[in-house]
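# Analysis of the macromolecular model
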Amino acid sequence: MMAAKTENAMQDIKFLFPEGKDKALTFSYDDAQIYDRRLVSIFNKYDLKATFHLNSGTLDQDGFITCAEVEELYANHEVACHAVTHPYFNQLSQAQTVTELIEDRRALEKCCGRLVRGFSYPFGEYNERLIETARNLGIVYSRTVEDTMNFALPSDFMRWHPTCHHDKVTDAFIDDFFNPPGYRNISLLYIWGHSFEFERNDNWDHIDHVCDRLHGRTDVWYATNIEIYEYVTAMRALVISIDGNILYNPTAKALWVLIGDQKVCLPAGMCISLRTYSEIR
């Protein structure tokens, strides 16, 4: 059976997340205080993934995790930048801005033994100069603190507005995520915060409940921030012919699309014609 029969098949093509899933979940937590240890254990218990934005200048200080534990503690998660000293970037010179970013990347990559390409803005403060500088120094995305309260993909990854702070996640909100409006074929729930907030507010049961509600779904892709960035960036690079009948995936990632009512995997570097395509790969 042909995957698409319409003259203009582009109208029948919709993007999906890996393995043909239509929902994705990611978490983002800042500052690397010692309470990250407990939060990581909760995420690991439920097989969830998160991104942890660290200030390298506070590592090994009282109340913060140590550089020696970064690699093992965050092994199942992503380590990302949050600047060396958690400054107000609007008050810094260009030289100070460069130092805060590049030295944070340098120190964190040494601690975790992996590439570090993500960032979140300290105090949620950012400007065009900071965005351009971060891009030039190898940062590919950065999270704000501006909640969208929706499940849309970001239009600009350097102004990545999350769905909401963890305090705003209710059972009703989770139900909305599981049952998004029919016009949205893929949905992203992005939850952010600070682990010390659970200790301060004595509400560790809240994040445990949220994770319990969200885990183990076959229709949800559980990913770190960088995994979301890489997949969506590859998705947006897909080349589609004018009539919508030829799809070319020029990236190194397999991409998933919905063609009519069939889920189709487009292998990395492959081109397919919908006029002759007859099987799901």
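Residues numbered from 1 in each chain as written. Predicted model: local features only at pLDDT ≥ 70, side-chain atom pairs only at ≥ 80, totals over all residues. Heavy atoms only, no water.

### Looking at the packing of aromatic side chains
Given two aromatic rings, one states the distance between the centres and the angle between the planes to describe the pair. One pass over the structure, following the stated rule, counts 21 aromatic pairs. Considering the side-chain rings of phenylalanine 27 and phenylalanine 43, the 4.6 Å spacing of their centres and the 45° angle between planes classify their relative orientation as tilted. Here phenylalanine 43 lies in helix H1 (residues 36-45) and phenylalanine 27 lies in strand S2 (residues 23-30), a separation of 16 residues in the sequence. For phenylalanine 43, a relative accessible area of 0% translates into the label buried. On the basis of an interplanar angle of 55° and a centroid distance of 5.5 Å, the ring pair of phenylalanine 151 and phenylalanine 177 is categorised as tilted. Of this pair, phenylalanine 151 sits in the loop between strand S6 (141-143) and strand S7 (164-165) while phenylalanine 177 sits in helix H5 (residues 171-178), and the two are 26 residues apart along the sequence. Here phenylalanine 151 matches phenylalanine 177 in class, with each residue buried. The residue whose ring lies beneath arginine 217 is phenylalanine 178, and the NZ or CZ to ring-centre distance is 3.8 Å. (Phe/Tyr/Trp six-rings, centres within 6.5 Å; stacked < 30°, edge-to-face > 60°. Helix = DSSP H or I, 4+ residues; strand = E, 2+ residues; numbered from the N terminus. Buried < 20%, exposed > 50% of the residue type's maximum accessible area, 1.4 Å probe, protein only. Lys NZ or Arg CZ within 6 Å of the ring centre and 35° of its normal.)

### Some remarks on the pattern of salt bridges
This structure, assessed with the given rule, holds 18 salt bridges. We note a salt bridge from arginine 117 to glutamate 230, for which the minimum N-O separation is 2.2 Å. Taken together, the positions of arginine 117 in the loop between helix H3 (94-112) and strand S5 (118-120) and glutamate 230 in helix H8 (residues 225-236) put the pair 113 residues apart, joining distant regions of the chain. Aspartate 175 serves as the salt-bridge partner of arginine 213, at 2.7 Å between the closest nitrogen and oxygen. (Salt bridge = Lys/Arg side-chain N within 4 Å of Asp/Glu carboxyl O.)

### With respect to the side chain of serine 195
Following the sequence through the fold, serine 195 ends up in helix H6 (residues 195-201). Apart from the residues lying within four places of it in its own chain, the contact partners of serine 195 are Tyr29, Gln33, Tyr35, Asp36, Leu39 and Trp204. (Contact = heavy atoms within 4.5 Å.)

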